[in-house]
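Observations on the three-dimensional arrangement
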Amino acid sequence: MAVNLSAIKDLLLPGLRGITGKYEQIPSQYDKVFTKYDSKLALERTAEMRYLGLAQLKTEGGQTSFDNNAGERYVYNQEHNEIALGYAMTRKAIDDNLYKTQFHPSNLGLFESFHQTKEIYGANVLNTATTYNASVGGDGVALCSTAHPIDGLTIGNTPATQIDLNEASLLNGMIAIRTNFRDQAGLKMFARGRKLVIPPQLEPVGIRLTKTELRPGTADNDVNAILSTAGGVPEGYMVMDFLTSSFAWYLLTNIAGLAYMKRVAFETDMQVDFVTDNLLTKGYERYSLSYFNWRSIYGNFPTS
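Note that the structure is predicted; figures quoted are calculated from it, not measured. (Residues numbered from 1 in each chain as written. Predicted model: local features only at pLDDT ≥ 70, side-chain atom pairs only at ≥ 80, totals over all residues. Heavy atoms only, no water.)

1. Regarding the environment of methionine 189
Mapped onto the elements, methionine 189 comes out in the loop between helix 3 (167-180) and strand 7 (193-198). Sequence-wise, methionine 189 and arginine 178 are 11 residues apart; in three dimensions their C-alpha atoms are separated by 8.0 Å. (Helix = DSSP H or I, 4+ residues; strand = E, 2+ residues; numbered from the N terminus.)

This is the structure:
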């Protein structure tokens, strides 16, 4: 049913001091986690390649070792979603509304609805990071797993035992990224933690860990090693309001791999229905939020 007179009955009479219901929105957060890309295809596919491994010792007069194992290993798929929302308003509701400047028929909050929807989709990539999504494909395990396969071994971007966010667990994560992350041929890479991502409940912990000069939580006069170990956490911490766990936390790395791909930018349209005289307003957007490289993130998922 369209928005009609009964839905705005108090807006038909003079005497209202004002109208409330629209509030300041949470500033954009997804774009501080995901790298933005423009897309021209219905399905974007990213192939992970295996390059050459370590060079081999050669004996005098002996043969040179050849590594012919380079090539494609895994393909990650990212299919875009259509996001849409609309509403209808009767002509009488438009004509008889005395407060059009505050409750305008063409601006009932489409932009805010689409904005928050995108934040939820972005946060859900992290919320479901331990669940394998077959539509994404890739290496056959979840975004955060203890067993990402590379040639000859497996590597984890989450610990075997999930640990609450504290000084030791954050340092262990930073060191694990630096020492464990490798390419498909097993070569070490320049991988470093750059940003701590946490839910609102962990913000006090994040502040103490990343903002204090001395060792957090102790009476010692030691320096805060978090600020320097493995290059520190140069981008500090950020809070994502739509993370569903009160305990999970994440370290973003310097390696690209979390992707927001925009296929069609947010647009609005409106028209008057010839038969009913209802004003029809709608918004449309097409995009996807996903990942194509697990090395872009390190996650920890304690439950209490």
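2. Quick notes on the sheet that holds strand 4 (residues 81-89)
Spatial ordering of the open sheet is given by 1-10-11-4, a layout of four strands whose pairing is mixed. Unpaired on one side and paired on the other, strand 1 (35-38) and strand 4 mark the two borders of the sheet. The sheet shows a mean angle of 30° between the axes of neighbouring strands, direction not considered. Inspection of the sheet shows strand 4 paired to strand 11 (residues 279-291) by nine bridges, in the antiparallel sense. Looking at strand 11, one finds that glycine 86 is bridged to lysine 282. Against the sheet, helix 2 (residues 110-127) touches strand 4, strand 10 (258-272) and strand 11, its axis set at about 20° to strand 11. (Pairing = 2+ DSSP bridges. Axes fitted to C-alpha atoms, helices over the stretch in contact; angles between N-to-C directions. Contact = heavy atoms within 4.5 Å.)

3. Observations regarding the sheet that holds strand 9 (residues 249-253)
On the basis of which strands lie adjacent, the open sheet formed by four strands has the order 8-7-9-12 and mixed pairing. Edge positions in the open sheet fall to strand 8 (237-239) and strand 12 (297-300), since each of these has one partner strand only. In this sheet, adjacent strand axes meet at a mean angle of 20° when their direction is disregarded. Inspection of the sheet shows strand 9 paired to strand 12 by four bridges, in the antiparallel sense. For leucine 252, the partnering residue across the bridge sits in strand 12 and is isoleucine 297. Along the sheet face, helix 4 (residues 203-211) touches strand 7 and strand 8 and points at about 165° away from the line of strand 8.

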